[in-house]
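# A structural walkthrough
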Amino acid sequence: MPKKTNWGILATGKIAHTFAKAVNSVPDAKLYACASRNAQKAEEFGSLYGVEKSYGSYEELAADPNVDIVYVASPMSCHYENVKLCFKHNKNVLCEKSITLNSAQLEELISIAREKQLFFMEAMWMKCLPAFLKAKEWVSDGKIGEIKAIRADFSNPVEFDPNDRLFRPELGGGALLDLGVYPISFVTAFLGFEPEKMISSANIGGLGVDMDEAVIMKYKNAYASLVSGFDIENENRAVIVGTEGRIAFDPWFFCTDTVRLYDKSGRFKEESVTPHLCNGYEYEVTEAQKCIAEGRKESVLNPISDTAGVMKLMDRLRKDWNFHYPEENAII
Ligand SMILES: NC(=O)c1ccc[n+]([C@@H]2O[C@H](COP(=O)([O-])OP(=O)(O)OC[C@H]3O[C@@H](n4cnc5c(N)ncnc54)[C@H](OP(=O)(O)O)[C@@H]3O)[C@@H](O)[C@H]2O)c1
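Just so you know, these numbers come straight off a predicted model, no measurement behind them. Starting from 1, residues in each chain are numbered consecutively following that chain's sequence as written. This being a predicted model, a pLDDT of at least 70 is required before a residue's local features are given, and a value of 80 or more before pairs of side-chain atoms are given or counted; all residues contribute to the totals for chains, interfaces and linings.

### Brief notes about the site of the ligand
Rules: Near, as applied to residues and a molecule or strand, means the residue's backbone-placed C-beta atom lies within 6 Å of it. Secondary structure counts use DSSP, requiring at least four H or I residues in a row for a helix and at least two E residues in a row for a strand, with both numbered from the N terminus. Gly falls in the polar group here, along with every residue not listed as nonpolar (Ala, Val, Leu, Ile, Met, Phe, Trp, Tyr, Cys, Pro) or charged (Asp, Glu, Lys, Arg). For every domain, the bounds stem from an assignment made automatically or drawn from a database.
Residues in contact with the ligand amount to 22 residues; listed here are only the nearest, Ala11, Thr12, Gly13, Ser36 and Glu96. Among the elements of the structure, helix H1 (14-25) and helix H4 (76-88) are those that each provide at least two residues to the shell around the ligand. When residues of the shell around the ligand are assigned to their parent elements, the largest contribution, 3 residues, is made by H1. Looking at side-chain class alone, the shell around the ligand contains 10 nonpolar, 5 polar and 7 charged residues. Two domains each put at least three residues into the shell around the ligand: domain 1 (5-125) and domain 2 (131-275 + 310-321).

What follows is the structure in structure tokens.
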């Protein structure tokens with residue numbers, strides 16, 4: 001029997017629980033270890049998911065020779081240091097979105113990963129999901145002709161809480177890195193990373209982070225429009241409009257199992273429904289494991305160069321808003 005991939009989870013917050021369930025649902029994955037800054041918290045997390053090793057520090061997890069890949073689930077501002085720690089111990093990494101605060105941090109991590117020949121991927125699970133892959137297939141098969149417009153919105157109203165990472169600049173809070181990263185990853189997957197022009201506006205609030213934003217991206221032959229925010233109720237749909245038809249994602253577009261194809265008169269043509277096997281995160285688990293088994297250092301479905309392209313656009317947007325994080329001395 002082939003050896004299972006031993007996963008280690010670094011940080012035991014909200015998303016780590018969801019991810020642990022996904023790992024436990026994948027047949028050739030083993031949730032081997034977890035780590036928290038607090039040993040008791042790690043043990044409690046570990047006992048919920050049948051984890052073999054629970055560590056009271058991230059360093060112990062990174063140093064465990066039996067861990068094949070670490071899933072980094074800390075707040076955004078910690079990713080850079082946490083991923084570096086894993087790389088120091090020669091660990092492959094799947095890191096939560098947004099992968100870093102800015103391109104400078106990401107470029108440094110990418111060069112370490114390349115130098116040490118380690119697998120490095122952002123946990124942009126949308127790009128591993130069957131609905132997203134079906135839309136990619138329809139587009140490359142020419143089913144909607146040339147793309148002319150994309151709309152993708154992701155808002156998630158949250159009550160202001162000064163303790164929540166979302167509102168705290170020192171934890172990498174803000175709607176762009178938390179929510180906007182999905183619509184931008186979506187648009188760039190279809191139209192690329194070089195819009196001719198970007199027009200945007202953001203409201204700064206909370207404890208000094210972007211609470212919401214609207215972005216228009218102009219490409220040579222297409223437009224994209226995106227809205228994200230912690231203070232907006234939205235349908236969270238995505239639609240790709242082409243010269244011959246359109247593709248519509250159900251809400252919430254980045255995690256839906258359903259996508260539909262229409263002709264240019266708006267008549268329904270086809271739908272693809274692939275219910276998640278667990279909670280949807282299992283597809284990125286499988287993708288990371290498959291790449292590692294094949295000796296790849298980058299994901300096929302979500303290459304790190306795509307992540308870097310998205311990060312550059314997010315840097316550009318924040319620069320336009322004159323918004324930077326405390327550890328960024330000047331506007332990036
Ligand atoms: N893919 C998705 O669908 C999805 C959904 C939600 C969030 N995320 C991403 O996942 C990451 C974590 O989000 P989350 O919602 O799980 O956050 P969270 O509930 O606040 O948990 C973050 C965890 O990070 C650890 N941590 C390390 N340093 C910390 C610090 N200085 N302050 C606070 N916590 C610290 C803590 O774990 P220990 O106490 O165990 O050390 C904490 O429980 C973010 O990058 C976020 O964007 C992804």
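### What about the pairing of strand E2 (residues 29-35)?
Heads up, the rule is: Here a residue counts as buried when 20 or more other C-beta atoms fall within 10 Å of its C-beta, as exposed when 12 or fewer do, and as partly exposed in between; the C-beta atoms come from the backbone. Two strands are said to pair when DSSP picks up at least two bridges between them. Convention used here: a crossover is right-handed provided that the path from the first strand, over the helix, to the second strand proceeds clockwise when the strands point away from the viewer.
Along E2, 6 of the 7 residues are buried, which leaves the element largely enclosed by surrounding structure. Of the strand pairs in this sheet, strand E1 (residues 5-10) and E2 are connected by 6 bridges, and their pairing is parallel. By the bridge assignment, Trp7 is partnered in E2 with Leu31. Relative to strand E3 (residues 53-55), E2 runs parallel, the two being bridged by 3 bridges. Bridged to Ala33 within E3 is Lys53. In this region the chain leaves E2, passes through helix H2 (residues 39-49) and returns to the parallel neighbour E3; the handedness of that crossover is right-handed.

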